[in-house]
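# Working through the structure, step by step
This is what each chain is made of:
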Amino acid sequence: AQSVTQPDIHITVSEGASLELRCNYSYGATPYLFWYVQSPGQGLQLLLKYFSGDTLVQGIKGFEAEFKRSQSSFNLRKPSVHWSDAAEYFCAVSGYSGGGADGLTFGKGTHLIIQP
Amino acid sequence: DVKVTQSSRYLVKRTGEKVFLECVQDMDHENMFWYRQDPGLGLRLIYFSYDVKMKEKGDIPEGYSVSREKKERFSLILESASTNQTSMYLCASSFQGRGIYEQYFGPGTRLTVT
């Protein structure tokens, strides 16, 4: 069974500082990986996704993530955070089921706090 | 823009009541999903559907059922609500085909069972 681990429950970063959120996955085949963000009281918004090809993927809001197969990781990064980045971040993995639906398996989330 | 809407943002029900949560998407997506979100547990898949009248159990289907009579609408049913079903419920939808498509989420329904 696939699984996702986000080792950091909370992270506090100063505004303007760089950010890295960790994500490790377990999946038997080539994974499909996603990062979502959830602002308070909102649904989830997709930040970026990795299916294949270039292992460094760019997303919205200045975020990027790097897929490292050897480490089973898909860490999210941003060079300079803004106060509006304070939110809950979820890493998720999915497998390809031959064209059928496939639910996502989510990590438990990392709560990002931005210090002024 | 893809739009996934959920019938209520907040809902309060009594133990034993039958509860319906409705989800509608406007992008002609084949796949629809129901998740519940709890602090410290992340999101967990309850049920999903890949076609009208088709459904598959997710990781935590106990105590829930679903209905998909039309492509754009996916309902989650709590036959007899219990306090341990107090949670945030999120609906999502996606395209289907040769590959994996991202899921688009609704704003969520926060259900409290008293």
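What you see is a predicted model; the values in this text were computed from it and never measured.

## A look at the overall build of chain A
- Scanning chain A for helices and strands turns up zero helices and twelve strands.
- N-terminal to C-terminal, the α/β element order of chain A is β-β-β-β-β-β-β-β-β-β-β-β.
- Relative to its length of 116 residues, chain A is compact, with a C-alpha radius of gyration of 14 Å against a globular reference of 13 Å.
- Across its three principal axes, chain A shows a C-alpha extent of roughly 45 × 30 × 25 Å.
- In chain A, 54% of the contacts between residues at least 6 apart in sequence involve partners at least 24 apart.
- Carbon and sulfur atoms make up 49% of the accessible area of chain A, which totals about 5400 Å².
- Across chain A, 8 positive and 9 negative side-chain charges occur, with their mean positions spaced 3 Å apart.

## Notes on empty space enclosed by the protein
Residues and elements named next belong to chain A.
- Overall, the coordinates contain two cavities of 30 Å³ or more when judged by the stated rule.
- Every residue lining the second largest cavity is listed: Val37, Ser39, Lys61, Ser84, Asp85, Ala86, Ala87 and Tyr89.
- Counted by class, the lining of the second largest cavity contains four nonpolar, two polar and two charged residues.

## Some thoughts on the state of the cysteines
- Evaluated as defined, the whole model comprises two disulfides over all chains.
- Linked covalently through their sulfurs, Cys23 of chain A and Cys91 of chain A form a disulfide whose S-S length is 2.0 Å. Its S-S torsion of about -65° marks the bond between Cys23 of chain A and Cys91 of chain A as left-handed, since a negative value means left-handed. Of this pair, Cys23 of chain A sits in the loop between strand 3 (19-21) and strand 4 (24-26) while Cys91 of chain A sits in strand 10 (residues 87-94); the two residues are 68 residues apart in sequence, bridging distant segments of the chain.
- Among the residues examined, Cys91 of chain A registers a relative accessible area of 0% and is labelled buried.
- What pairs with Cys23 of chain B in a disulfide is Cys91 of chain B, and their sulfur atoms sit 1.9 Å apart. Handedness here is read from the sign of the S-S torsion; for Cys23 of chain B and Cys91 of chain B, about -75°, the answer is left-handed. With Cys23 of chain B in strand 3 (residues 19-25) and Cys91 of chain B in strand 9 (residues 87-94), the pair connects residues that are 68 residues apart, well separated along the chain.
- Classification of Cys23 of chain B by relative accessible area gives buried; the value is 0%.

## Some points on the layout of surface pockets
- Volume-wise, the largest pocket comes out at about 500 Å³.
- Lining of the largest pocket is provided by 21 residues; of these, Gln38, Glu88 and Phe90 of chain A together with Gln37 and Pro39 of chain B occupy positions nearest its centre.
- Looking at the lining of the largest pocket, the element that brings in the most residues is strand 10 of chain A, giving three residues.
- The class makeup of the residues in the lining of the largest pocket is six nonpolar, eleven polar and four charged.
- The volume enclosed by the second largest pocket comes to roughly 370 Å³.
- Residue lining of the second largest pocket: 19 residues in total, with Gly43, Leu44, Gln45 and Leu46 of chain A together with Phe105 of chain B positioned closest to the centre.
- Going through the elements one at a time, strand 5 (32-38) and strand 6 (44-50) of chain A together with strand 1 (4-6) and strand 10 (104-105) of chain B are the ones with two or more residues in the lining of the second largest pocket.
- In terms of residues, the lining of the second largest pocket owes the most to one element, strand 6 of chain A, which gives three residues.
- Of the residues belonging to the lining of the second largest pocket, the class tally is ten nonpolar, seven polar and two charged.

## As for the nonpolar core
- Ranked by internal contacts, the top residues of the largest apolar core, which has 26 residues, are Leu19, Trp35, Leu47, Leu48, Phe74, Leu76 and Tyr89 of chain A.
- When residues of this core are traced back to their parent elements, those giving at least two are strand 2 (10-14), strand 3, strand 5, strand 6, strand 8 (64-68), strand 9 (73-78), strand 10 and strand 12 (110-115) of chain A.
- Among the elements that line this core, the one with the most residues is strand 10 of chain A, at four residues.
- Among all residues touching Leu19 of chain A, those that are not within four sequence positions of it are Ile11, Val13, Phe63, Leu76, Arg77, Lys78, Val81 and Leu112 of chain A.
- In this structure, Val4, Val19, Trp34 and Tyr64 of chain B belong to the second largest nonpolar core, which totals 20 residues.

The rules we used
- Residues numbered from 1 in each chain as written.
- Chains lettered and ligands numbered in written order.
- Predicted model: local features only at pLDDT ≥ 70, side-chain atom pairs only at ≥ 80, totals over all residues.
- Heavy atoms only, no water.
- Helix = DSSP H or I, 4+ residues; strand = E, 2+ residues; numbered from the N terminus.
- Rg over C-alpha atoms; globule rule 2.2 N^0.38 Å.
- Contact = heavy atoms within 4.5 Å.
- Areas by Shrake-Rupley, 256 points an atom, 1.4 Å probe, with all protein chains shown as cover.
- Lys, Arg positive; Asp, Glu negative; His and termini not counted.
- Charge placed at Lys NZ, Arg CZ, Asp CG, Glu CD.
- 1 Å grid on protein atoms, 1.4 Å probe; cavity = no way out; pocket = protein on both sides within 12 Å on 5 of 7 lines; lining within 4 Å.
- Points joined across faces, edges and corners; volume = space filled by probe spheres on them.
- Nonpolar A, V, L, I, M, F, W, Y, C, P; charged D, E, K, R; others polar.
- Disulfide = S-S within 2.5 Å.
- Buried < 20%, exposed > 50% of the residue type's maximum accessible area, 1.4 Å probe, protein only.
- Core = buried A, V, L, I, M, F, W, Y, C linked by side-chain atoms within 4.5 Å.

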